Structure formats: C-alpha cells, structure tokens
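# What the coordinates show
What follows is the residue order along each chain.
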Amino acid sequence: MDHFHYRGGVLHAEDVPVPAVAASVGTPFYLYSVATLVRHFRLLDEGLDGLDHLVCYAVKANSNQAVLKVLARLGAGMDVVSGGEYLRARAAGVRNDRIVFSGVGKTRSEMELALSGGVRQVNLESEPEMELLSQVAASMGVTVPVAFRINPDVDAGTHDKISTGRAEDKFGIPAGRAPDAYRAAASLPGLKVVGLDMHIGSQLTDLAPYELAFRVIAELTARLRSDGHEISRLDLGGGLGIPYRRSDAALPPPAEFCDLIRATFGSLGCEIEIEPGRLIAGNAGILVTRLLYRKSGKDREFLILDSAMNDLVRPALYSSYHEIVPVAEPAPGEVERPFDLVGPVCESGDTFAKRRRMPPLAPGDLLAFRSAGAYCAVMASEYNTRPLVPEVMVHGDRFAVIRARPTFDEILGRDIVPEWL
C-alpha cells in the first residue's frame, strides 16, 4: 500500500496534487511520501513485537537525510555499507549504537571513521577484513562488536545481479568455514564476537529461500555456542520484495516474514536485527516526468520523456519493470495503444518500456513511474551532463525540496582545468 492516489482525476501524493509540485520544481523529479515510509517501517517493527529486535533500514536503498530522519524518529537503526553512508546516518541524527556497518570491501579509513564515531557492530565479510579490523581497533584502543556474514549457499530466486547468498557470490564466508573464522576472531585483540549475519538477496518473492537460509543460521548458532562463543545477535538481512506490477499482489506480506523469524529464532534468546530497504522505501516514491514528443517509427510509436536512464537506471541495468501512469487520470473506456517509452540520452539502452499499453497522451502531459523510492535516486548520475534529479518530500498537504536540482554552473564548476591547458 502507498499514498499515491487519484483524487478528482489528478494523481496526489498524500494530500498534494502532483501537478502542483511539477509547477514548482520542474520535471523530472522524485517525490516521496512520509506516510508510506512510516507505514512500511511500522509493519516490520510491530511484526516483531515480543522479540528483542532492531529494524536497521538499509541506507543504500535511499540515502537522503530527510528519509533517514523520518525513520530515525520512529526508532530505526541503520545498515550502512560505506563511510559516506555512515556520515549520512550520523548527520540525520542516528545514534552510533544503532548503526550496523556492513559492506564487502571496507577500507582502513572507513574502519577508523566508524570506530572513532562509534558503531553498534561491524559485519565482517572475510578473514583478511577481520585481521585488518583487529589491527585498526587495537591501534585505537577500542573493542568493536563483530559478526561474520555467513553465505548459506541459498539461491534467492531473484535477478542474478541482486542475488548475494549463493556459493559463487562475492559476499560473506561459507557456513562450513565459520567455526574456524569465529575461533580466530575470538583470539584477536579489539574484536568482540556478538553474532551472525546473513543477507541472501533483494526483491525476494517467496519465503522458501529465507526458510532454508534461516535454518543454516539457526544450526550454526547452536554449533558456535557449543564452541564457547556468546552469540547474542542475529542479523537476518532484508530483501523481501515489493509489488512493482499489479499482478504482484500475491507477494508474501511482511507479517509472514516476521512470523517465520519468530518461529525459527524465537527460542534462541537472541536479539534480532533485520535490514529492509526496498520494502520500506520502494513504494514510498515516484518519479514524475513529462512527455516531450510522440514519434512514429517503422513499426512502432515512441513516447520521448524528459527523464532518462541517468535519472532512473533500473530498467537499463536490471530490465526492471516500473508501472508508468498518467498524472491526469484516464477517462473510463479510453483505448490504450502500445508505445515504447524512452528518454533523451544517446543510448539505445535509454528505454523504460517496450510495447507498453498507454492511454492517449500529448506532449506536455505528466507521467509517474511508480515504486521509485528505492534504488532509483541513489543510482542516478549526470551522464550527458544532465543535472541530478531533485528529490521532494510530501507530508500531508505540505511538500519540500529535500535535494535541489544542481545548476549547470555548479556542475561545470566542479571541473578543474590544469593551468597548463
């Protein structure tokens, strides 16, 4: 469920008509709903009632500080995967003891940053990373809580580029190597073993892979405890999918995911951490664009938009589907026709949809890409020297720009031309 609905024939974000934002900000722009962010966080937080738990929002999904602040005020922790994300979380007011530092390639400087500012725990991805973190922590005179990310060799059944828990993936250590890794960590200065970590992928549409992976983690918890390790936290990752299509309504609800966690781990006496990103932010945002031209090709018609692959790269990168709807509600019975919806960037890959059936549209009309709150603005670029898309947040009947569109002077001013040119 989200808070983007037609009212009086016009798409609204909560109580704000989308054309009013377009008139103020210009197109394209991202538009986020506070009410949707709040609702989705609470579904998970309340779903784990009765368990000692912390919902750590995956900052990589949407790292705007306004989004982070909304969630932090609800009590969310944060899962960060870079020094920059750590600083964003801190700037948004997140306490250091609610930040989990993940990521497959942490640098020494990132470790120093996290340890100097304070961190809830560091999720280790390899033995060499463990050794470096020990050196950094010992040199700083601190002890850092750690968990190893376990690769359970479970296929999440999602897109190949967002599967992270198979044996051939770069993430974590194999479960069979965990006893030796934990033994080594327990012997090193500056490290305190506190738990296990896992994350098998993103946009999962079935709970079966979770059930298999959770079983691996539960069994490994018992094994490590028998080896003398104090396992008090289990970080179970995120990845539960959202409905990008109307036909996706049969996706497992968050309550069932929480029930599976409770059934598998409820008797272990561990604090549960989860790291949702897309599930909280995905359907809390839309990308609003304007139709520039209708163009006829040899055997198809094109709708050329003012948004491009640099603004929303997911269709080009993952062949991802986004529902695209007119901001002005189509009249009942309007005949739809197939169009290719494309952007102005000089790449054939700058295509959002092929043969998508759309109602009658004219240049100047506004359209909205739904489910664009996660892995969209954060992946945008300035390819073709196109300014980054602004971000706007709606709360009730108010809206505010939370990241401005840069001017061309600002973009060009970042370049430094050597004196000898």
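Up top is the structure.
Everything numeric here is computed off the predicted structure, so don't read it as measured data.

Here we come to helix α4 (residues 83–91). Because each turn of an α-helix spans 3.6 residues, side chains separated by three or four positions in sequence point in the same direction. Of all the positions in α4, only Gly83, Glu85, Tyr86 and Ala89 are classed as buried. Viewed end-on, α4 has its buried residues packed into an arc of 160°, placing them on one side of the element. Those residues of α4 hidden inside the fold are in contact with α3 (65–73), β6 (77–80), β7 (99–101) and α5 (108–117). Immediately downstream of α4, the backbone of glycine 93 shows phi near 95°, a positive value.

Most of the time, phi is negative for any residue but glycine, and the peptide bond is trans. Omega for the bond connecting threonine 27 with proline 28 falls within 30 degrees of zero, at -5°, which places this linkage in the cis form. With respect to the helices and strands, the residue proline 28 is situated in the loop between α1 (18–25) and β4 (29–33). In the Ramachandran plot, arginine 355 falls in the positive-phi region, its phi being about 55° despite a non-glycine side chain. Following the sequence through the fold, arginine 355 ends up in strand β18 (residues 351–358). The class for arginine 355 is partly exposed, based on a relative accessible area of 41%. Notably, tyrosine 375 is not glycine yet its phi reads approximately 55°, a positive angle. Of the residues examined, tyrosine 375 reaches a relative accessible area of 15% and is grouped as buried.

Taken together, 3 strands build an open sheet; the order of strands is β1-β2-β3 and the sheet is antiparallel. Lying at the two open borders of the sheet, with one neighbouring strand each, are β1 (4–7) and β3 (16–17). Note: strand β2 (residues 10–13) against β3, 2 bridges, orientation antiparallel. In the strand pairing of β3, alanine 13 is matched with valine 16.

This part covers a nonpolar patch on the surface. Side chains of Val417, Trp420 and Leu421 sit close together on the surface and give an oily, nonpolar patch of about 450 Å² of accessible area. When you line up the elements, valine 417 lands in the segment after α12 (408–413).

So, about the packing of α4 against α5. As a packed pair, α4 and α5 sit with axes 9 Å apart at the nearest point and diverge in direction by 25°. As the angle between them shows, α4 and α5 are arranged roughly parallel. Residue-level contacts link Gly83, Tyr86, Leu87 and Arg90 of α4 to Glu110, Leu113, Ala114 and Gly117 of α5. Taken together, the residues that form the contact of α4 with α5 break down as 4 nonpolar, 2 polar and 2 charged.

Another aspect to go through is the pairing of strand β20 (residues 391–395). Summarising burial for β20: 4 of the 5 residues are buried, a large majority. Note that β4 and β20 share 4 bridges and pair parallel. From the neighbouring strand, tyrosine 30 faces β20, where its bridge partner is glutamate 391. Where β20 and strand β21 (residues 398–403) come together, 5 bridges link them in antiparallel fashion. When the bridges of β21 are listed, methionine 393 appears paired with alanine 400. Count of turn residues in the β20/β21 antiparallel hairpin: 2 residues, of which glycine 396 carries a positive phi of about 65°.

Definitions and limits used
Residues numbered from 1 in each chain as written. Predicted model: local features only at pLDDT ≥ 70, side-chain atom pairs only at ≥ 80, totals over all residues. Heavy atoms only, no water. Buried < 20%, exposed > 50% of the residue type's maximum accessible area, 1.4 Å probe, protein only. Helix = DSSP H or I, 4+ residues; strand = E, 2+ residues; numbered from the N terminus. Arc of directions from axis to C-beta. Contact = heavy atoms within 4.5 Å. Pairing = 2+ DSSP bridges. Patch = residues over 30% accessible without salt bridge, like charges linked within 9 Å, V, L, I, M, F, W, Y side chains within 5 Å. Areas by Shrake-Rupley, 256 points an atom, 1.4 Å probe, with all protein chains shown as cover. Salt bridge = Lys/Arg side-chain N within 4 Å of Asp/Glu carboxyl O. Axes fitted to C-alpha atoms, helices over the stretch in contact; angles between N-to-C directions. Parallel < 35°, antiparallel > 145°, perpendicular 65-115°, else oblique. Nonpolar A, V, L, I, M, F, W, Y, C, P; charged D, E, K, R; others polar.

Without other data, these values stay purely geometric and don't point to any function.
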